[in-house]
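# Residue-level structure breakdown
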Amino acid sequence: ASSNPEEVAFATDRLREEHEELREKLRMLEMSAKELMLLEDSVKGIQLVEELRKQTDQFVDELERHSEWEEQELFPFLLTYFHRLSIPSIMPSFWVLEKDHQLGMSFIQSFQEAVIEVTPLVVKKRLAEAAAHLLQACLILNDHFTMEEQLIFPLTEKVLTDLESFFF
């Protein structure tokens, strides 16, 4: 982990930008899931489910890349940096974020499992239930990004302030 202020600022900017991109995709998933819940035409419902499945897969891929970066670079740096201070550990906060992430992903998985075999014979209720899982995932993950920012941004600010006072 680097103590270069520019790299810390870059990490903060990257977190903010990636969260905004992921939130935009969540908004699109949420709108499509709501549309699916209200749709009366089962043929259109099946088409929308197929599109939602693809969009959800793409979202999961992007979220996993983002999470990998956080877990391999950002979080270890912050945990190492703040571990040296005589303050209460920030580790429980990271555990809560991880559990939140897992919960959101479990709702996405529930959606994906519910729409594996969607046919015209599937009743509207099943499509609505699948969409409800996806909506719940969107809500949880959106809150997850907010909680993560509320934890990470003050920490990175503290690092930058410390570095500034150390070097100047």
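Look above for the structure.
Residues numbered from 1 in each chain as written. Predicted model: local features only at pLDDT ≥ 70, side-chain atom pairs only at ≥ 80, totals over all residues. Heavy atoms only, no water.

One recurring pattern in soluble globular proteins is that nonpolar side chains are buried together. One finds L36, F59, L63, I108 and L134 to be the most contacted residues of the largest nonpolar core, which totals 26 residues. Those elements giving two or more residues to this core turn out to be α1 (5–38), α2 (42–83), α3 (91–114) and α4 (124–167). Ranked by residues supplied to this core, first place goes to α4 with nine residues. Setting aside its immediate chain neighbours within four residues, F59 contacts L22, K25, L26, L29, I108 and L141. (Core = buried A, V, L, I, M, F, W, Y, C linked by side-chain atoms within 4.5 Å. Buried < 20%, exposed > 50% of the residue type's maximum accessible area, 1.4 Å probe, protein only. Helix = DSSP H or I, 4+ residues; strand = E, 2+ residues; numbered from the N terminus. Contact = heavy atoms within 4.5 Å.)

Under the defined criterion, the tally for this structure stands at ten salt bridges. Here R53 and E50 are joined by a salt bridge, their closest N and O atoms 3.4 Å apart. Within this pair, R53 and its partner E50 are both found in helix α2, separated by three residues, close to a single helical turn. Note on E50: relative accessible area 31%, which makes it partly exposed. It is possible to trace a salt-bridge network through shared partners that takes in E20, E24 and R27. (Salt bridge = Lys/Arg side-chain N within 4 Å of Asp/Glu carboxyl O.)

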